[in-house]
Amino acid sequence: MRNLRLFILLSCALLCRSFATAQVGDPRNDWTFGVNGGAALDKISFHPWVNQKWHTGPTYGLTARYTCEKYYKMVCAIQLEVNYASLGWKEDIVLANGTQSSLTSTPETYQRDIHYLQVPLLARLGMGREYRGVMGYLVAGPQLAYMLRESTKHSDYWHPDDRINGRNEQYGLSVKNRFDYGITAGLGMEVSTAAGHFLLEGRYYFGLSNLFGASKKDPFGRSANGAIVGKVTYLLPNGGRNKK
């Protein structure tokens with residue numbers, strides 16, 4: 001509940017700030033729509049810690065952007081996305097004797113894939129050429145998600161009891177909280193042409209909700225997503241109605 005309250009407060013503060021500053025400078029009224037795609041590298045912030053490698057999965061979806069104002073040299077916009085993303089974790093298994101399983105003659109592997117429908121709502125601040133040129137930008141805002149499904153896979157050679165500190169509770173746990181929420185932020189570059197807008201962007205997503213229960217009776221006090229996302233986006237040309 002504490003994380004949920006923090007999420008709501010940060011989201012409201014960010015969006016209220018975005019709308020409060022609207023129409024202070026040179027107004028805009030430009031909508032544009034498009035598609036995005038890329039890859040997400042995820043680790044779950046388990047506490048107690050579970051040794052992991054980066055879990056890699058695809059992400060793609062739809063993007064809508066509303067540009068509302070140019071304040072001095074800063075172009076202000078609100079961006080909404082609806083994305084599919086494959087997150088989860090991939091373990092770097094350490095055996096009870098301290099040896100990494102990947103170094104043994106019969107290595108063990110484990111991967112959990114968690115598939116989400118994500119909806120980030122982002123404030124966007126850009127500097128550069130608004131039309132027919134290059135612009136750098138910052139995006140930040142809240143993100144909501146709903147788990148569509150999960151799946152697991154592990155090696156044929158499998159001895160989950162032979163783990164350092166006996167840490168194997170995660171193998172038998174299904175995701176308890178299908179709703180995921182957190183804060184995402186990133187930097188990007190946009191190239192605007194007569195054919196449309198081409199964007200290259202990197203983000204980090206910090207999850208505030210736990211995949212599993214976090215009460216005293218649960219094995220983990222924290223189990224939240226933490227993902228690095230790289231993506232490209234194409235947006236249709238918006239006509240450049242306000243070329244100023």
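Here, the structure is the one placed above.
Because the structure is a prediction, the values reported are computed rather than measured. (Residues numbered from 1 in each chain as written. Predicted model: local features only at pLDDT ≥ 70, side-chain atom pairs only at ≥ 80, totals over all residues. Heavy atoms only, no water.)

1. Details of the nonpolar core
What tends to happen in soluble globular proteins is that the nonpolar side chains get buried as a cluster. Among the nonpolar cores identified, the biggest contains 22 residues, and F46, W89, I114 and Y116 are the most heavily contacted of them. Among all residues touching Y116, those that are not within four sequence positions of it are N83, Y84, A85, L87, A145, Y146, M147, L148, R178, D180, L211 and N225. By size, the runner-up hydrophobic cluster in this structure holds 5 residues, among which are L122, Y137, V139 and L199. (Core = buried A, V, L, I, M, F, W, Y, C linked by side-chain atoms within 4.5 Å. Buried < 20%, exposed > 50% of the residue type's maximum accessible area, 1.4 Å probe, protein only. Contact = heavy atoms within 4.5 Å.)

2. Concerning a nonpolar patch on the surface
Together, L80, V82, L117, V119, L144, Y146, L148 and F179 give the surface a local cluster of nonpolar side chains, amounting to about 700 Å² of exposed area. Taken together, the elements giving at least two residues each to the nonpolar patch come down to strand 4 (74-91), strand 5 (110-128) and strand 6 (133-154). In terms of residue count, the dominant contributor to the nonpolar patch is strand 6 (3 residues). The topology assignment puts L117 in strand 5. (Patch = residues over 30% accessible without salt bridge, like charges linked within 9 Å, V, L, I, M, F, W, Y side chains within 5 Å. Areas by Shrake-Rupley, 256 points an atom, 1.4 Å probe, with all protein chains shown as cover. Salt bridge = Lys/Arg side-chain N within 4 Å of Asp/Glu carboxyl O. Helix = DSSP H or I, 4+ residues; strand = E, 2+ residues; numbered from the N terminus.)

3. As for unusual backbone geometry
Omega for the peptide link from H47 to P48 comes to 5 degrees, which places this bond in the cis form. Tracing the chain through its elements places P48 in the loop between strand 1 (26-47) and strand 2 (52-53). Although it is not a glycine, R132 sits at a positive phi angle of roughly 55 degrees. Here R132 lies in the loop between strand 5 and strand 6. Relative accessible area serves as the criterion here: at 52%, R132 is assigned to the exposed category.

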